[in-house]
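# A look at the structure
Here are the chains, one letter per residue:
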Amino acid sequence: METRDRIKSMSVPAGGTIREAMKAIDRGALGTAFLVTDDGRFAGLVSDGDVRRALLGGHGLETPASEISRPEARKARVGMSAAEIAELFSERVRLVPVLDDTDRIVDVIVFDKRVHLQVAEPSMGEEELINVTECVLTNWVSSGGRFVTMLEERFADFCGCKYAVAVNTGTAALHLALLALGIGRGDEVIVPSLTFIATANAVAYCGATPVFVDSEPDSWNIDPVFVEAAITPRTKAIVPVHLYGHPANMDPIAEIASRHNLAVIEDAAEAHGALYKGRRVGGIGDLGVFSFYGNKIVTTGEGGMIVTNRKDVAEAMAILRNHGMRPERRYWHETLGYNYRLTNLQAAVGVAQMDKIEPILAAKRRIARTYTEYLKDLPGITLPPEMDWAHNVFWLYSILVDESVAGIGRDALMEALQSAGVETRPLFPPLHTQPIYATGQSLPVAERLAATGLSLPSAVGLTDEDASHVAESVRAAFSTQRV
Ligand SMILES: Cc1ncc(COP(=O)(O)O)c(C=O)c1O
């Protein structure tokens with residue numbers, strides 16, 4: 001955004017309300033709004049922290065923003081030296097307007113945000129606050145209240161499924177999905193080795209054994225060829241994971257499952273909105289599982305969801321998440337259940353997040369396009385997959401580094417990026433190599449991906465300049481090593 005446009009988007013008339021200030025904070029995306037007089041002079045500054053404190057302190061959205069603004073906030077003046085400007089910043093002051101001698105804002109200086117580029121960051125705003133405020137004001141803070149059902153309906157719709165059951169984590173969602181299918185002691189469940197550990201842990205919670213298989217080199221997801229080879233008379237289900245936002249190759253998996261009479265549970269924790277051959281993931285297998293953890297595409301802080309078209313399974317899961325209590329008889333329990341309920345407070349955030357899932361998904365693809373543009377010609381890099389049958393949502397934009405070409409290994413690159421203020425994450429260490437599951441298997445594709453892969457900052461608020469900084473830092477690290 002041009003400086004002038006940015007200042008305009010952050011500005012509110014001096015007589016504006018807190019609601020208008022929140023909108024300006026959202027528009028400017030710098031956590032701050034400016035109050036400006038009719039003739040364009042600076043009249044005060046309102047930060048997102050000021051708004052939060054005001055609402056918690058009992059102010060309403062229609063309160064004049066001037067009641068909470070800070071006219072005395074630190075300001076830079078045209079002509080100040082760099083040293084004088086640096087003096088204005090502190091742990092708490094991360095942004096200062098620059099005023100000319102008529103008190104008009106001509107620039108904004110922000111503490112260089114690029115030194116703190118995070119891998120993921122939730123995108124919270126006014127809508128979440130309004131929904132949560134409703135829960136607080138009405139006292140519907142536990143699992144009763146309108147938002148849980150609303151979120152379930154919205155999510156079922158989003159996935160094109162008849163039923164959705166909200167729970168308090170993605171891991172609980174996996175656990176309930178497996179339990180509802182009757183998976184238990186002595187059973188085997190096929191999972192990719194290259195995934196987050198929750199996929200396998202949920203199988204173990206049921207007393208069943210996770211059986212690890214290798215990944216496809218091109219999609220990075222579970223390889224159907226190895227799925228078939230791993231089936232035994234004890235196998236009950238397959239859990240393909242749509243890793244980092246890219247769908248698994250579902251048709252061959254569904255075909256194998258149907259030939260061997262196995263259930264398919266999609267672990268779509270990282271892939272809200274991804275498409276396999278035009279179909280939303282989660283609604284393709286018998287059940288689909290999602291996470292709403294803070295780093296996910298939409299979040300409720302902690303939370304999860306299971307979607308399905310099977311009424312019997314949806315009903316069983318709704319009972320299991322509530323201590324196994326029969327819906328028609330209070331405090332009556334025929335099965336061992338759990339407290340996996342999502343709260344109305346969390347669902348309130350989730351409903352607001354679902355209102356903006358399309359813009360969030362669009363932002364993820366925009367970030368991916370920008371990275372791809374900057375990095376595509378760099379020798380020694382493999383960009384994230386997008387198979388011709390797939391629509392990747394690029395939850396975390398992840399790349400592979402070939403040390404023999406790049407002259408720098410994955411771990412050294414991560415260190416170099418860290419010094420440039422760029423946070424990264426390694427791909428998950430394969431589960432068959434983890435102390436808790438160590439099977440002694442050799443799964444070369446998963447091992448190679450995990451040893452060479454890393455995820456780059458993919459937060460929704462990442463700007464093109466941020467992505468350019470990341471890409472330039474990758475380039476710099478590569479060329480430094482080649483010298
Ligand atoms: C592939 C995968 N499955 C399951 C989970 C578990 O979700 P949660 O953290 O909400 O329990 C996660 C993420 O955290 C994940 O990435």
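Quick note: structure is the one above.
What counts and how
- Residues numbered from 1 in each chain as written.
- Predicted model: local features only at pLDDT ≥ 70, side-chain atom pairs only at ≥ 80, totals over all residues.
- Heavy atoms only, no water.
- Near = heavy atom within 4 Å.
- Polar contact = N/O pair within 3.5 Å; in protein donor to acceptor, adjacent residues only side chain to side chain.
- Areas by Shrake-Rupley, 256 points an atom, 1.4 Å probe, with all protein chains shown as cover.
- Helix = DSSP H or I, 4+ residues; strand = E, 2+ residues; numbered from the N terminus.
- Nonpolar A, V, L, I, M, F, W, Y, C, P; charged D, E, K, R; others polar.
- 1 Å grid on protein atoms, 1.4 Å probe; cavity = no way out; pocket = protein on both sides within 12 Å on 5 of 7 lines; lining within 4 Å.
- Points joined across faces, edges and corners; volume = space filled by probe spheres on them.
- Domains from an automatic or database assignment.
- Axes fitted to C-alpha atoms, helices over the stretch in contact; angles between N-to-C directions.
- Parallel < 35°, antiparallel > 145°, perpendicular 65-115°, else oblique.
- Contact = heavy atoms within 4.5 Å.
- Phe/Tyr/Trp six-rings, centres within 6.5 Å; stacked < 30°, edge-to-face > 60°.
- Buried < 20%, exposed > 50% of the residue type's maximum accessible area, 1.4 Å probe, protein only.
- Lys NZ or Arg CZ within 6 Å of the ring centre and 35° of its normal.

With that settled, consider the site of the ligand. Near the ligand lie 15 residues; those nearest to it are Gly-170, Thr-171, Asp-267, Glu-270 and Ser-291. In this structure, Glu-270 approaches the ligand through a side-chain N or O atom, which is 2.5 Å from an oxygen atom. Between Lys-296 and the ligand, the recorded distance is 2.9 Å, taken from a side-chain N or O atom to an oxygen atom. Within the complex, 93% of the 380 Å² of free accessible area of the ligand lies under protein. Broken down by secondary-structure element, the contributors of at least two residues to the shell around the ligand are α7 (170-180) and α8 (198-205). Looking at which element gives the most residues to the shell around the ligand, the answer is α7, with three residues. Looking at the shell around the ligand, its residues break down into five nonpolar, seven polar and three charged.

The space that makes up the second largest pocket amounts to roughly 560 Å³. Around the second largest pocket sit 31 residues that line it, and Phe-196, Tyr-293, Asn-295, Lys-296 and Trp-395 are the ones nearest its centre. Where the lining of the second largest pocket is concerned, the elements lending two or more residues are α7, α8 and β19 (425-426). Looking at the lining of the second largest pocket, the element that brings in the most residues is α7, giving three residues. For the lining of the second largest pocket, a count of residues per class yields 15 nonpolar, 10 polar and six charged. Lining the lining of the second largest pocket are residues from two domains, each supplying at least three of them: domain 2 (126-355) and domain 3 (357-482).

This part covers empty space enclosed by the protein. Summed over all chains, the structure comprises two cavities of 30 Å³ or more. The volume enclosed by the largest cavity comes to roughly 70 Å³. Along its surface, the largest cavity is lined by 14 residues, and Glu-121, Pro-122, Lys-296, Ile-297 and Val-460 are the ones closest to its centre. Taken domain by domain, the makeup of the lining of the largest cavity includes at least three residues from each of domain 2 (126-355) and domain 3 (357-482).

Take the packing of helix α2 (residues 18-28) against helix α5 (residues 126-138) next. Packing of α2 against α5 brings their axes to within 10 Å, and their N-to-C directions diverge by 135°. Taken together, α2 and α5 sit at an angle that is classed as oblique. Between α2 and α5, the contacting residues are Arg-19, Met-22 and Lys-23 on the first element and Glu-126, Leu-129 and Ile-130 on the second. Each residue belonging to the contact of α2 with α5 can be placed in one class, and the counts come to three nonpolar, no polar and three charged.

Time to look at the packing of aromatic side chains. Per the counting criterion, the structure on display carries 12 aromatic pairs. Each ring, one from Phe-196 and one from Phe-428, has its centre 5.7 Å from the other, and the planes form 50°; the classification is tilted. Residue Phe-196 is located in the loop between β8 (188-192) and α8, and its partner Phe-428 is located in the loop between β19 and α16 (444-452); the two are separated by 232 residues in the primary sequence. By relative accessible area, which is 17% here, Phe-428 ends up buried. Considering the side-chain rings of Tyr-338 and Tyr-340, the 5.1 Å spacing of their centres and the 15° angle between planes classify their relative orientation as stacked. With relative accessibility at 21%, the residue Tyr-338 sits in the partly exposed group. Classification of Tyr-340 by relative accessible area gives buried; the value is 15%. Among the aromatic residues, those joined into a ring-pair cluster are Phe-155, Phe-158, Phe-290 and Phe-292. Here the guanidinium or amino end of Arg-280 rests over the ring plane of Phe-158, the centre of that ring lying 3.9 Å away. Positioned over the ring face of Tyr-331 is Arg-330, at 5.9 Å from the centre of the ring.

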